[in-house]
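Letter by letter, the chains look like this.
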Number of protein chains: 2
Amino acid sequence: MTITPSLNVLIDPGGFRTLLATAAEVEADGATVLGGVLLSLIVIYLASKLGGEICARINLPPVLGDLVGGVVVGISVLNLIVFPETGAQASDSLIFRFIEATGSLTPETLAASFSAESEVINILSELGVIILLFEIGLESELGELIKYGPQAAIVAVVGVVAPFAMGTVGLIYLFGTPVIPAIFAGAALTATSIGITAKVLAEINKLSSKEGQIIIGAAVLDDILGIVVLAVVASLVKTGEVQVTNILFLSVSAGAFLIGTILVGRLLAPYYVGLVAQLKTRGPLLIVSLIVMFLLSYVAAAIQLEAILGAFAAGLILGETEKHHELEEQVIPIADMLVPVFFVVVGARTDLAVLNPAVPSNREGLIIATFLIVVAIIGKVITGFTIFGQPDTNRLAIGVGMVPRGEVGLVFAGVGAASGVLSESLEAAIIVMVIVTTFVAPPLLRLVLERGAQTSSSTEEA
Amino acid sequence: MTITPSLNVLIDPGGFRTLLATAAEVEADGATVLGGVLLSLIVIYLASKLGGEICARINLPPVLGDLVGGVVVGISVLNLIVFPETGAQASDSLIFRFIEATGSLTPETLAASFSAESEVINILSELGVIILLFEIGLESELGELIKYGPQAAIVAVVGVVAPFAMGTVGLIYLFGTPVIPAIFAGAALTATSIGITAKVLAEINKLSSKEGQIIIGAAVLDDILGIVVLAVVASLVKTGEVQVTNILFLSVSAGAFLIGTILVGRLLAPYYVGLVAQLKTRGPLLIVSLIVMFLLSYVAAAIQLEAILGAFAAGLILGETEKHHELEEQVIPIADMLVPVFFVVVGARTDLAVLNPAVPSNREGLIIATFLIVVAIIGKVITGFTIFGQPDTNRLAIGVGMVPRGEVGLVFAGVGAASGVLSESLEAAIIVMVIVTTFVAPPLLRLVLERGAQTSSSTEEA
């Protein structure tokens, strides 16, 4: 492959944008951004497929392969996929060093292009998790979720209260941590990554099982509770007091959104089916559904919930219509294309440097981390055993399903770091806790679900 | 729908990125960028579906609906989808005025977010045209393209030489335009938008007809010739002389790329099929194919060709394998999702202000434009009549198929504007010529193809 020394010259249709730019600031070079995005996507797909295939062969969940593949190509090892918000610059990205070597850009244009390219990969990864939750919503059954609603609610509440209480009290009494940082770390323990758990459930066809629907219901509620908890903690850190109106508003709007979209969605569903039937241009079902999905995602984000909750609600509503099998088939290739971007990016952002015990400042963090990990796992695993009135339930699986903190946990760590309230060792400890719970949960969940299935099938056989 | 006055606060997972940002410059706000992208995609899909459905009902090609829908939501009418490189700022975008009104961002953050959001929509639209050309490649048959190669080559060469000569000479002698700007305008007449023509052909199932394959072959060759012509003209404008080595390099690398990828692709095809068969994780065929597509797109862009040529070559190669039906089915939903973004963005960028005769400076431009349009249409329509040895060919359709200048013509206008060599009226005239040929060609092509089909079927019946 011949790369010329002038990658971005006058004749380039992307470069043309830069030439036309009227803004005073340095603009990104369109062709460089596109080149960076193409190379990043190639790296992401290679990492996802290599990691996933290795995991599939040693009987681990493929999503773990995406995460580990992401770690390998990310900031911890190869530095191919790195992001400016973790302090990386264009010169830290191997892809941009390659682009720099093959092009002739000014350092400012290169920096702007790196920043723009990272934003594109960020958004593609966020579209990936939006599509994932839409797909999970499509495959979930509203009736089942409502049926197991009380169980899910208890799992979610216990899964927030137990780790928060144990973590905060433990830090204060065992480690002498001041109250505010201890509360913050406790709050970080309450998160659950719905994406990772749902992906594992889907991979082993357990999404529509009773356990699957309880976990999904509880994870959705946990996500809402987590947003409320973070709002409480953030306002506590910022102003020293809890803004009750804001918290009330958040709780009410979250409830109103979920119930409202489902009620309105059911009313409008016949019109949706009728509209799709009348369209004559390409992809009528898909495009109308994408509009619904993006609209609810936007509304959810705008009322301070998360975009993924809107996407989940959209999937749930459209999954109730007669079109849902056809729609699922069309969503699968889009999910196949975008979802790996999300998980590989989560892995790529994970900085394993905090795990290095050779760095003295990490050691205290690792000791606190060990405590947080124990609390994080126990606090969620016990939630399964709070379930009542469901004798044949794999309680352990439900608890394990709530363990991964994933990207939600990292948000807590990030807000804490930005507020300056966390000591360096406590921040590192939270990140280590998030990493370990995220990476350990997928194989663990698969293990307990498959063992449960063997037990119950052997019972049936007997 | 309740929008709170603080859209992007501490608790937002996207905002978290901003908080962590270490760069000295003002960073975009992640949540604002995501919100802007979601709203933009909703607007783009609504514009595409409304425009497309109206066109489908009045028997016009749906792709024209995408373009017109784009014009309506773009810089010319509603200002919902606007781009910084045309001089627009965040305050020019209705979407960002909405976001500003519902949020509490500093003007700098808003501007940075607008710029990042525009870059994301740009890249999504470029991914859209990449997927489109990949799909066209999949549906094309290498054997047919080679069979009609000589005809396509003649159509392409005549379609470059004729409009260039007529345009340049006409401008110099009829309008007294200086030589260099006249050459530039003549060069802009040589372009052909492969995307628009291919989409119309696909819409009426004529892509694999003889005419379709000649047009596609000629459009691909025209794209390569166009790149060479632009390189010649740009170096002429810049240095006053033609850099022969650069031109030679471009021509050789273009030929080597197309022939090389096809030869290597044929050699590697069995390994591709074998590899896909061995993969156990989700979407093996799609992901491996996307890697091939992105890789060839990157290589084509890196050797100064266009990314879409690489995507076309990838589609052509993978279309020869036994997996191509399965792959086509999986690519369709992805194309349905991304391709409309490309056409709506092309429409949204089109500034109809240059067509307003009430502005005095436009009048001279409109007169020159009328001349350019006549030359642009005649210069391409005659190409069909140069075809030899193919008696039953719809020659008119082939010529009309080469008429739309589309985004390629705008690149010429943009490079010309940036170089400062074009007068304001000549620049406006080129843009008007691009608009008219782009918008007139789809209905015209459909008309002549359908009329041709009727004639030939009535001949058969008789």
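Residues numbered from 1 in each chain as written. Chains lettered and ligands numbered in written order. Predicted model: local features only at pLDDT ≥ 70, side-chain atom pairs only at ≥ 80, totals over all residues. Heavy atoms only, no water.

### Overview of the domain arrangement of chain A
Residues and elements named next belong to chain A. Definition in use: Segment limits for the domains were obtained from an automatic or database-derived domain assignment. Here a residue-residue contact requires only that any non-hydrogen atoms of the pair lie within 4.5 Å. Buried area counts how much accessible surface, traced with a 1.4 Å probe, disappears from two parts once they are put together, with both parts' losses summed. The salt bridge definition used is simple: a Lys or Arg side-chain nitrogen within 4 Å of an Asp or Glu carboxyl oxygen. Polar contact is the term for a pair of N or O atoms within 3.5 Å; when the atoms are in protein, one must be able to donate a hydrogen and the other to accept it, and sequence-neighboring residues count only if both atoms are side-chain atoms. Only DSSP runs of H or I covering at least 4 residues are called helices, and only runs of E covering at least 2 are called strands; the numbering of each starts at the N terminus. Three residue categories are used. Nonpolar comprises Ala, Val, Leu, Ile, Met, Phe, Trp, Tyr, Cys and Pro, charged comprises Asp, Glu, Lys and Arg, and polar comprises the others, including Gly.
When the domains of chain A are assigned, the result is domain 1 (26-123) and domain 2 (124-452). Each of domain 1 and domain 2 has a C-alpha centre, and the two are 25 Å apart. With 27 residues of domain 1 at the contact, the number on the domain 2 side is 27 residues. Across the domain 1 to domain 2 interface the summed buried area is about 2400 Å²; carbon plus sulfur atoms make up 69%. Taken together, domain 1 and domain 2 are joined by zero salt bridges. The interface formed by domain 1 and domain 2 contains 17 residue pairs in polar contact (both at pLDDT 80 or more). Of all the elements in the fold, those that place two or more residues in the side of domain 1 that touches domain 2 are helix 2 (30-57), helix 3 (62-73) and helix 5 (107-139). Ranked by residue count, the leading element in the side of domain 1 that touches domain 2 is helix 3, at nine residues. Of the residues in the side of domain 1 that touches domain 2, the class split is 19 nonpolar, six polar and two charged.

### Observations concerning helix 7 (residues 149-175) of chain A
For an α-helix, 3.6 residues make a turn, and residues three or four places apart therefore share a direction. Residues and elements named next belong to chain A. Here is the rule we go by: Under the convention used throughout, the expected extent of a helix is 1.5 Å for every residue step, that is, one less than its residue count. For every residue, the accessible area (1.4 Å probe, protein chains only) is compared with the maximum for its type, and the residue is labelled buried under 20%, exposed over 50%, or partly exposed between those bounds.
Here helix 7 spans 38 Å end to end across 27 residues, near enough to the 39 Å set by a 1.5 Å rise per residue. When we look at burial in helix 7, the residues that qualify are Gln151, Ala152, Val155, Ala156, Gly159, Val160, Ala162, Pro163, Gly167, Thr168, Gly170 and Leu171. Following helix 7 by one or two positions, Gly176 has its phi on the positive side, about 65°.

### Digging into the packing of helix 4 (residues 94-102) of chain A against helix 5 of chain A
All names here are of chain A. This is how it is decided: Throughout, an axis means a line fitted to C-alpha atoms (over the contacting stretch in the case of helices), and angles, computed between N-to-C directions, take values from 0 to 180 degrees. Angle categories are assigned with fixed cut-offs, so that under 35 degrees is roughly parallel, over 145 is roughly antiparallel, 65 to 115 is roughly perpendicular, and the rest are oblique. Whether a crossing is left-handed or right-handed is set by the direction in which the near helix is turned from the far one by less than a right angle, anticlockwise for left-handed and clockwise for right-handed.
Look at helix 4 against helix 5: their axes get within 11 Å of each other, and the N-to-C directions meet at 140°. One finds that helix 4 runs oblique with respect to helix 5. Crossing of helix 4 against helix 5: the hand is right-handed. For the pair formed by helix 4 and helix 5, the contact residues are Phe96, Ile99 and Glu100 on the first element and Leu110, Ser113, Phe114 and Glu117 on the second. Looking at the contact of helix 4 with helix 5, its residues break down into four nonpolar, one polar and two charged.

### What to know about the environment of Ile183 of chain B
All names here are of chain B. Its place among the elements puts Ile183 in helix 8 (residues 179-188). Considered as a pair, Ile183 and Leu236 are 53 residues apart in the sequence and their alpha carbons are 9.6 Å apart. Other than its neighbours up to four places away in sequence, Ile183 contacts Phe164, Thr168, Val233 and Leu236.

### Things to note about the nonpolar core
Note the cut-off: Definition used in this section: a nonpolar core is a set of buried Ala, Val, Leu, Ile, Met, Phe, Trp, Tyr and Cys residues joined via side-chain atoms within 4.5 Å.
Grouped together as the largest cluster of nonpolar side chains are 332 residues, with contacts concentrated most on Phe294 of chain A together with Phe294 of chain B. Apart from the residues within four sequence positions on either side, Phe294 of chain B is in contact with Leu38, Leu41, Ile42, Tyr45 and Met337 of chain A together with Leu127 of chain B.

### A few points about the relation of the copies chain B and chain A
Heads up, the condition is: Least squares is used to superpose the copies, and the fit set is the C-alpha atoms of residues whose pLDDT is at least 70 in both copies.
With an axial shift of 0.0 Å and an RMSD of 0.0 Å, the rotation relating chain B to chain A amounts to 180°. In the structure described here, the two chain copies are related by an operation that fits a two-fold rotation axis. With an isologous cut-off of 70% or more, the 100% of interface residues of chain B that recur at the interface of chain A puts this contact in the isologous class.

### Thoughts on the interface of chain B and chain A
It is common to give the size of an interface as the accessible area lost on bringing the parts into contact. Facing 93 residues of chain B, the contacting portion of chain A comprises 94 residues. Put simply, Arg282 of chain B and Asp336 of chain A hold a salt bridge, and the shortest N to O gap is 2.6 Å. Top contributing element to the side of chain B that touches chain A by residue count: helix 2 (residues 30-57) of chain B, with 15 residues.

### Some remarks on a nonpolar patch on the surface
All names here are of chain B. For clarity, the threshold we go by: For patch detection, residues must exceed 30% relative accessible area and be free of salt bridges, and they are connected within 9 Å for like charges or within 5 Å for nonpolar side chains (Val, Leu, Ile, Met, Phe, Trp, Tyr). Exposure was quantified through the Shrake-Rupley algorithm and a 1.4 Å probe, taking into account, for residues, occlusion by the shown protein chains and nothing else.
Among the surface-exposed residues, Ile259, Leu263, Val264, Leu267, Leu268 and Tyr271 lie close enough to one another that they form a single nonpolar patch of about 680 Å² accessible area. Note on placement: Leu263 falls in helix 11 (residues 244-278). Residue Leu263 is classed as exposed on the basis of its relative accessible area, which comes to 54%.

### So, the pattern of salt bridges
Residues and elements named next belong to chain A. Tallying each qualifying case throughout the model produces 16 salt bridges over all chains. Across the salt bridge formed by Lys199 and Glu203, the nearest N and O atoms sit 4.0 Å from each other. Of the two residues, Lys199 and Glu203 are both situated in helix 9 (residues 194-203); the distance of four residues between them amounts to about one turn of the helix. Residue class for Lys199 comes out buried when judged on its relative accessible area of 11%. Here Glu203 falls in the partly exposed class, since its relative accessible area comes to 25%. With a shortest N-O distance of 3.5 Å, Arg266 and Glu320 are connected by a salt bridge. Of this pair, Arg266 sits in helix 11 (residues 244-278) while Glu320 sits in the loop between helix 13 (307-319) and helix 14 (324-349), and the two are 54 residues apart along the sequence. Owing to a relative accessible area of 51%, Arg266 belongs among the exposed residues under this scheme.

### Some details on empty space enclosed by the protein
Operational definition: Buriedness of a pocket was judged along seven lines, with at least five required to meet protein on both sides within 12 Å; pockets are open sets of points on a 1 Å grid over the protein atoms alone, cavities are sets where a 1.4 Å probe fits but cannot get out, and lining residues have an atom within 4 Å of a point. Grid points are joined across faces, edges and corners, and a volume is the space filled by probe spheres set on the points.
One pass over the structure, following the stated rule, counts eight cavities of 30 Å³ or more. Estimates place the volume of the largest cavity at around 130 Å³. As for the largest cavity, its lining consists of 16 residues, and the residues nearest its centre are Leu124, Met337 and Leu338 of chain A together with Leu124 and Leu338 of chain B. Every element with two or more residues in the lining of the largest cavity is listed here: helix 2, helix 5 and helix 14 of chain A together with helix 2, helix 5 (107-139) and helix 14 (324-349) of chain B. Broken down by element, the residue count for the lining of the largest cavity peaks at four residues, all from helix 14 of chain B.

### Some words on the packing of helix 5 of chain A against helix 2 of chain B
Where helix 5 of chain A contacts helix 2 of chain B, the axes come no closer than 11 Å and their chain directions differ by 65°. Comparing the axis directions of helix 5 of chain A and helix 2 of chain B gives the class roughly perpendicular. In this structure, helix 5 of chain A crosses over helix 2 of chain B, and the sense of that crossing is right-handed. The segment helix 5 of chain A lies against helix 2 of chain B, with Glu119, Ile123, Glu126, Leu127 and Ile130 of chain A engaging Val33, Leu34, Val37 and Leu38 of chain B. Taken together, the residues that form the contact of helix 5 of chain A with helix 2 of chain B break down as seven nonpolar, no polar and two charged.

### A look at the packing of aromatic side chains
Heads up, the condition is: Think of it this way: a Phe, Tyr or Trp ring, Trp meaning its six-membered ring, pairs with another when their centres are within 6.5 Å, and the plane angle makes it stacked under 30 degrees, edge-to-face over 60, tilted otherwise. Only when the NZ of Lys or the CZ of Arg is both within 6 Å of the ring centre and within 35 degrees of the ring normal is a charge said to sit over the ring.
The final tally for this structure, using the stated rule, is 10 aromatic pairs over all chains. The interplanar angle of 70° and the centroid separation of 5.0 Å between the aromatic rings of Phe342 of chain A and Phe343 of chain A together place this pair among those described as edge-to-face. Residue Phe342 of chain A shares its accessibility class with Phe343 of chain A, and that shared class is buried. With centroids separated by 5.2 Å and ring planes inclined at 75°, the aromatic side chains of Phe96 of chain B and Phe114 of chain B adopt a geometry described as edge-to-face. In this pair, Phe96 of chain B is assigned in helix 4 (residues 94-102) and Phe114 of chain B in helix 5, connecting sequence segments 18 residues apart. Here Phe96 of chain B matches Phe114 of chain B in class, with each residue buried. Lying over the aromatic face of Phe83 of chain A, Arg349 of chain A brings its terminal NZ or CZ to 4.3 Å of the ring centre.

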